[in-house]
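So the chains spell out like this:
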Amino acid sequence: MQSLLNPKSVAIIGASNDVTKLGGMLVRNMIDAKFQGKIYPINPKGGEIQGLKAYKNVLEIGEPVDLAVIAVKAQLVPDTMDELGKAGIKFASILTAGFKEDSPEGAELEKELVKRAEKNGIKFLGPNSFGIMIPRIGVNATFAHLLPRAGNITIFSQSGAVGSSIIDWAYRNRMGLANFITFGNKASLDEADLLEAAAQDPNTKVIGMYLEGISNGQKFIKAVENMSVKKPIVVFKSGRTQAGSAAASSHTGSLAGSDAVNSVVFKKLNIFRAKDLDEMFDALCVFSTCSPMKKDGIAIITNAGGLGVMSADATFDAPTIHAVKFSQETLDRIKTEVPTVAGLTNPIDVRGDAKPQYFKQVIEIVMNDPEVGGIVVMGSPLDTADLESVAEMLVEMRDDIPCPTTVCFAGGEKCERAGNILREGMFPCFPTPDRAVRALDILRYRTGRVGEPATALKIPVVKGRDVAKSIIDRAFSEGRNSLTESEGKEIFKAYGVPTPGEAIVNSADDAAKECDRIGYPVVMKIVSPDIKHKTDVGGVVVGVKDAAEAKASYTRIMDSCTKNVPGANIVGVSIQQMVSGQEVILSMIRDDQFGPVVSFGLGGIYVEILREISQAHVPMTEEQLDQMITSTKAYKLMSGARGLPVADIEAMKDTIRRIVLISVDNPEIHELEINPVIVGLKGKGCWAVDALVTLKKA
């Protein structure tokens, strides 16, 4: 990818003297950026374009060309691929629009473009891309005239408009870019293809991505996991609401939808997911300018008590950092060396009339406190405060502060002038206390997870695939895309997942007989592939205590279900041994892009009321399994909170491992849900009481 990210020659196909046209803008922007290599304008008329010799086609150049930038009519682009192939050009950036984003005809044209490119061995960005920008060598092959300074942020953007916003932000905030790449329709290259090049790029310190979709989830995961140099990645993934509203048949479907899966995968890969553009910009800023944050504790220094309270509140809410309690030695030094401070707790209030020297003295003291991993400096534009001098002082001592430090100058005009001094000096500055604190929280989130232990999941050795496949094949042969509860439990049993004693009956007399055999109390439930949520239609009776009640319950269930779901295919009524313990939910949903994701949380009616589940992507590690369980309220109940008995958490883990194996062994299963799993007392085991299994449409 070096020819793409470090080109020594660029051909602009569709070049023009008219700078109001795309081809003219590209030539002008490359000239203004002072490209260090050769620019070859391509136009059928030849001659001269904007002072440069023009060529009628790329074959006329007669020299190697690293990158072709294409800005001709959409209908001409496929033929252009053939010309590039003849000229030996292997990389292209296609800014031309009018392909699959435009119309069905455009989609067909894009297929032809891909076909021609593959035939000629060409990799390309786009079509419908915004172009690329590499400031350090003067590449601006975009239609944005602003060129940010050279720096250490690499940006991948699917959207040209959002990419333009990022360029404008970088330019305004003096943030430097290493590479700026847009992908448009991603018909050839995507983010995963360029991750390793960014990892190896010595100019790149942090990678920022704006994503609207990930076309190949497994490819993306492998690309991140295989990065030779693990650099911070910040992702702003749009489309949360639309993705999260996808219909699903299970209770957890709406909670475990595709957008939730994105978050699970990003967390697994230690990618920071920004919730909005502000958070993305803040994350890029702090990763770009700061070293890793090696401790959780932060020190807060302010010239205004109110700002200190705000920052303390923000710290309290932050998940990975906290305001430290200073050592006595630190407090004694502050008292002795900076006697004018108004408050010695954290935050430290240096007073509204504090001179820059006071800030400096306190910073030099707290940065040596053994608990401090980061510092936040807060400044209010009081008439008694000289924030510009404070900013100059901070820039001067930037390299002498051993821990990450952020600044908040909260205000308008006076703060803007001081902030510009900080930005010019590559010192991270934010407009509010919350954002200054959050920036360190983001930094610690990533740093704190680097080098986490990873023990392979201890999956039991069980051969259940043959049983599962026969059940699944039978369902497909009958035109079904879901299994009955009993079929689901047959698969569970084949994989060693414990289930209560049970039977299926088709008469009231048989119900009484089987209940006597299994032992009371029992649960009776309708069995029908057409009825997924049994309770809603009167298909469940719990706590049946004798034969007479068993007969009456059978009749009541059948009458209710035939009335509420006319025409449903009713297999019979299931009788199950009642077991007691903590109710939890365990499910798996197979995401189209990323594959299986397992969910765990409080079961029964609490799933939809509390909407609290934890998820992990398969394959997972033992540590990820532990984290998934321990992060839930269900775990607090299972582990003996408020005097409750301790549940069999190890048995629960074993069941999860077996569900993971089922998901890996059986790619035909789209969703699998057990609600509830009953977890008995410690050492007594757990049981899958229910089974909802849907299959991928054949």
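Residues numbered from 1 in each chain as written. Predicted model: local features only at pLDDT ≥ 70, side-chain atom pairs only at ≥ 80, totals over all residues. Heavy atoms only, no water.

### Points about the overall build of the protein
So, step 1. Within the protein one finds 24 helices and 31 strands.
So, step 2. Taken along its principal axes, the extent of the C-alpha atoms in the protein is 95 × 75 × 40 Å.
So, step 3. Residues classed as buried in the protein amount to 56% of the 698 residues present.
So, step 4. Pairs at least 24 residues apart make up 72% of the contacts formed inside the protein by residues separated by at least 6 positions.
So, step 5. Just so you have it, the protein exposes about 29,100 Å², and 51% of that area is on carbon and sulfur atoms. (Helix = DSSP H or I, 4+ residues; strand = E, 2+ residues; numbered from the N terminus. Buried < 20%, exposed > 50% of the residue type's maximum accessible area, 1.4 Å probe, protein only. Contact = heavy atoms within 4.5 Å. Areas by Shrake-Rupley, 256 points an atom, 1.4 Å probe, with all protein chains shown as cover.)

### With respect to the nonpolar core
So, step 1. Among the nonpolar cores identified, the biggest contains 53 residues, and Phe156, Leu195, Met209, Phe220 and Ile233 are the most heavily contacted of them.
So, step 2. Residue contributions to this core peak at six residues, all from helix H6 (residues 191-200).
So, step 3. By size, the runner-up hydrophobic cluster in this structure holds 45 residues, among which are Phe130, Ile167, Leu177 and Ala304. (Core = buried A, V, L, I, M, F, W, Y, C linked by side-chain atoms within 4.5 Å.)

### Brief notes about the environment of Ile134
So, step 1. By the element assignment, Ile134 lies in strand E8 (residues 131-134).
So, step 2. Residues Ile134 and Phe180, 46 residues apart in the sequence, show an inter-C-alpha distance of 6.3 Å.
So, step 3. Those residues within four positions of Ile134 in sequence are excluded, and the remaining contacts are Leu4, Leu5, Asn6, Pro7, Val139, Ala178 and Asn179.

### Description of the sheet that holds strand E5 (residues 67-70)
So, step 1. Here five strands make up an open sheet; going across it, the order is E2-E1-E5-E6-E7 and the pairing parallel. Each of the sheet's edge strands pairs with one partner strand only, and the pair in question is strand E2 (38-42) and strand E7 (123-125). Pairs of neighbouring strands in the sheet enclose a mean axial angle of 20 degrees, with direction left out of account.
So, step 2. When E5 meets strand E6 (residues 91-94), the two strands line up parallel, connected through three bridges. In the sheet register, Val69 faces E6, and the bridge partner there is Ser93.
So, step 3. Relative to strand E1 (residues 9-13), helix H2 (residues 22-32) is tilted by about 160 degrees, and along the sheet it contacts E1, E2 and E5. (Pairing = 2+ DSSP bridges. Axes fitted to C-alpha atoms, helices over the stretch in contact; angles between N-to-C directions.)

### Some details on the packing of helix H10 (residues 277-289) against helix H16 (residues 433-449)
So, step 1. Between H10 and H16, whose axes approach to 9 Å, the crossing angle comes to 65 degrees. Relative to H16, the element H10 is oriented roughly perpendicular. Of the two elements, H10 crosses H16, and the hand of that crossing is right-handed. Together, Asp278, Glu279, Asp282, Ala283, Val286 and Phe287 of H10 and Arg435, Arg438, Ala439, Ile442, Leu443 and Arg446 of H16 make up the contact between the two elements. (Parallel < 35°, antiparallel > 145°, perpendicular 65-115°, else oblique. Left-handed = near helix turned anticlockwise from the far one by under 90°.)

### Comments concerning unusual backbone geometry
So, step 1. With an omega of 0 degrees, the peptide bond running from Gly126 to Pro127 counts as cis.
So, step 2. Here the phi dihedral of Lys34 falls at roughly 60 degrees; this positive angle occurs in a residue that is not glycine.
So, step 3. Looking at the element boundaries, Lys34 is found in the loop between H2 and E2.
So, step 4. Backbone geometry places Arg174, a non-glycine residue, at a positive phi of 60 degrees.
So, step 5. Take Arg174: it is sitting in the loop between helix H5 (160-172) and strand E11 (177-182).
So, step 6. For Arg174, a relative accessible area of 21% translates into the label partly exposed.

### A few points about the side chain of Thr406
So, step 1. Following the sequence through the fold, Thr406 ends up in strand E19 (residues 405-409).
So, step 2. The contacts of Thr406, once residues within four sequence positions are left out, are Val286, Ile375, Val376, Val377, Pro428, Phe430, Ala436, Ala439 and Leu440.

### Section: helix H24 (residues 649-665)
So, step 1. Helix length check: H24, at 17 residues, gives a terminal C-alpha distance of 24 Å against a target of 24 Å (1.5 Å per residue), a fit within 8%.
So, step 2. For H24, the buried fraction is high: 13 of the 17 residues fall into the buried class. (Expected span 1.5 Å × (residues − 1).)

### With respect to the sheet that holds strand E10 (residues 150-157)
So, step 1. Taken in spatial order, the seven strands of this open sheet run E9-E8-E11-E10-E12-E13-E14, and their pairing is mixed. For this open sheet the edge positions go to strand E9 (139-142) and strand E14 (272-273), each flanked by a neighbour on one side alone.
So, step 2. Note: E10 against E11, six bridges, orientation parallel. Residue pairing for E11: Ser157 is matched across the bridge by Thr182.

### Observations regarding the pattern of salt bridges
So, step 1. With the rule as written, the count across this model stands at 48 salt bridges.
So, step 2. The residue Asp259 makes a salt bridge to Arg273 at a minimum N-O spacing of 2.8 Å. Pair noted here: Asp259 is in helix H9 (residues 258-268) and Arg273 is in strand E14, with a separation of 14 residues, a long-range link. Comparing Asp259 with Arg273, the two get one shared label, buried. (Salt bridge = Lys/Arg side-chain N within 4 Å of Asp/Glu carboxyl O.)

### Things to note about helix H3 (residues 77-87)
So, step 1. Those residues of H3 that fall on the buried side of the exposure criterion are Val77, Pro78, Thr80, Met81, Asp82 and Leu84.
So, step 2. Residues of H3 that are buried in the fold lie against E1, E5, E6 and helix H4 (104-119).
So, step 3. Phi turns positive, to about 80 degrees, at Gly88, one or two residues after H3.

### Topic: the pairing of strand E13 (residues 233-237)
So, step 1. Counting buried residues along E13, five of its five residues qualify, which places the element largely inside the surrounding structure.
So, step 2. As for the winding sense of the linkage, the β-α-β connection from strand E12 (residues 206-211) through helix H7 (residues 217-225) to E13 is right-handed.
So, step 3. Both E13 and E14 contribute to a ladder of two bridges, which runs parallel. Across the sheet, residue Val235 finds its bridge partner in E14, namely Arg273. (Right-handed = clockwise from strand over helix to strand, strands pointing away.)

### As for the environment of Phe409
So, step 1. With respect to the helices, strands and loops of the structure, Phe409 is situated in strand E19.
So, step 2. In this structure, the C-alpha to C-alpha distance between Phe409 and Phe130, residues 279 residues apart in sequence, is 35 Å.
So, step 3. When sequence neighbours within four positions are dropped, the list of residues in contact with Phe409 reads Gly379, Leu387, Val390, Ala391, Cys415, Ala418, Gly419, Leu422, Phe430 and Pro431.

### Describing the packing of aromatic side chains
So, step 1. Tallied over the entire structure, the rule returns eight aromatic pairs.
So, step 2. Seen from their ring centres, Phe130 and Phe180 are 6.2 Å apart, and the 80 degrees between their planes marks the pair as edge-to-face. Of this pair, Phe130 sits in the loop between E7 and E8 while Phe180 sits in strand E11, and the two are 50 residues apart along the sequence.
So, step 3. The exposure class of Phe130 is buried, given its relative accessible area of 6%.
So, step 4. Ring geometry for Phe272 against Tyr445: centres 6.0 Å apart, planes inclined by 70 degrees, an arrangement best described as edge-to-face. Note that Phe272 is positioned in strand E14 and Tyr445 in helix H16, a separation of 173 residues in sequence.
So, step 5. The exposure class assigned to Phe272 is buried, which follows from its relative accessible area of 11%.
So, step 6. Joined through ring pairs, the aromatic side chains of Phe130, Phe143 and Phe180 make up one cluster. (Phe/Tyr/Trp six-rings, centres within 6.5 Å; stacked < 30°, edge-to-face > 60°.)

### Describing the side chain of Ser16
So, step 1. The residue Ser16 is located in the loop between E1 and H2 in this model.
So, step 2. Residue Ser16 is classed as buried on the basis of its relative accessible area, which comes to 13%.
So, step 3. For Ser16, the side chain forms a polar contact with the main-chain nitrogen of Asp18, separated by 2.9 Å.
So, step 4. Ignoring anything within four residues of it in the chain, the contact list for Ser16 reads Lys21, Gly23, Gly24, Ile49 and Gln50. (Polar contact = N/O pair within 3.5 Å; in protein donor to acceptor, adjacent residues only side chain to side chain.)

### Side note on the confidence of the model for the protein
So, step 1. Mean pLDDT over the protein works out to 92, with 96% of the residues at or above the 70 mark.
So, step 2. Below pLDDT 50 for its whole length, residues 243-257 participates in 35 contacts with residues either more than four positions away or in separate chains. (pLDDT = per-residue confidence, 0-100.)

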